[in-house]
Amino acid sequence: MIGVDLGPGIRACFTTRAGGVSPAPWDELNLGQAVGDDPDRVAANRARVQDWAGVPLSWGHQVHGTVVRLVDGPDAGTDDCDAVAVLRPGLGAAVLVADCVPVLIADPDARVAAAVHAGRRGLLAGVVQEAVAALTAHGADPARMRAAIGPCIRGPHYEVPAAMRDEAAAVLPATACTTVDGTPGLDLPAGVRSVLTAAGLREVLDTGLDTAVDDRFFSHRRAQRAGVTTGRSAGVIALV
């Protein structure tokens, strides 16, 4: 796990593939329930992550939208959402990724936090802004918030059609980039940072880790090119 410091009373990390019980091709710490892995193994892997967090975790089913699920009590539901906001201590949240951007946000003073799944569609539709707004509505101040951008596919390796890049840039100019091969690309972490900064956040940590080339992490695009199945990592945040 890659731990990040988001302030006192906040436990936050981005999981790697290591430390779980799943065999290949999900090896090892697959946290996704919809990728063909045995449900009991996924449950065991999620239990290990929850043990690390030290509090009950709420997991959503990511659908590349903008719905923010509000959690103020222990909850094992799996409704569709792309952000989970935790509204009281003793609880935590996790979102699943395998190239999309996991974003963790917390206000240590207000004691609220959120885990956000920011894929291309969700990012452009405003999921990060919705998460910040949900926390603000429950006492947080963007100027006090701290955020972390986790391992994800990075612009140098995220090739897309030129029309897709241009459409994204029309919404978020920071996302437009060129890959290492000189082709059109998307820099989703840059887009996330631009949204957070515009929302008033002053402290934004970026891990800089690229799932496209770092096999410590699951990558849907890398697996797709190899013709294999892959698992899901998570961005995890807990109010302890």
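Throughout, a residue's number is its position along its own chain's written sequence, starting from 1. For this predicted model, a pLDDT threshold of at least 70 governs which residues receive local features, and a threshold of 80 or more governs which side-chain atom pairs are given and counted, while totals over whole chains, interfaces and linings are taken from all residues. Here the side-chain values reflect all heavy atoms present in the structure, with hydrogen atoms and water set aside.

K.L.:
Please give an account of the overall build of the chain that cites residues and values.
P.N.:
A helix here means a DSSP run of H or I that spans at least four residues, while a strand means a run of E at least two residues long, and both kinds are numbered starting from the N terminus. Looking only at helices and strands, the chain features 6 helices and 13 strands. For 240 residues, the compact-globule estimate of 2.2 N^0.38 gives 18 Å, and the chain sits close to it at 17 Å. Considered along the principal axes of its C-alpha atoms, the chain spans approximately 45 × 45 × 25 Å. Relative accessibility decides the category of a residue: with a 1.4 Å probe and only protein chains considered, values under 20% of the type maximum give buried, values over 50% give exposed, and everything between is partly exposed. The proportion of buried residues among the 240 residues of the chain is 52%. Should any heavy atoms of two residues lie within 4.5 Å, those residues are counted as being in contact. At a minimum sequence separation of 6, the contacts of the chain that also span at least 24 residues come to 61%. Our radius of gyration looks at C-alpha atoms and nothing else; its globule reference is 2.2 Å times the residue count to the power 0.38.

K.L.:
Can you explain the pattern of salt bridges? Please cite residues and give values.
P.N.:
Here, a salt bridge means any side-chain nitrogen of Lys or Arg that lies within 4 Å of a carboxyl oxygen of Asp or Glu. Tallied over the entire structure, the rule returns 8 salt bridges. Linking Asp 166 and Arg 165 is a salt bridge whose minimum nitrogen-to-oxygen distance equals 3.8 Å. Classification of Arg 165 as partly exposed rests on a relative accessible area of 21%.

K.L.:
Explain unusual backbone geometry to me, and be specific about the residues and the numbers.
P.N.:
Only a minority of non-glycine residues have a phi that is not negative, and only a minority of peptide bonds are not trans. With an omega dihedral of 10 degrees, the bond running from Ala 24 to Pro 25 counts as a cis peptide bond. As for its position among the elements, Pro 25 is in the loop between strand S2 (10–14) and helix H1 (39–53). Cis geometry marks the peptide bond from Asp 27 to Glu 28; its omega dihedral reads -5 degrees. Within the secondary structure, Glu 28 is located in the loop between S2 and H1. Even without being glycine, Asp 99 reaches a positive phi, approximately 135 degrees. Tracing the sequence through the fold places Asp 99 in the loop between strand S6 (91–97) and strand S7 (101–107). The class of Asp 99 is buried, set by a relative accessible area of 9%.

Structural measurements only, silent on function.
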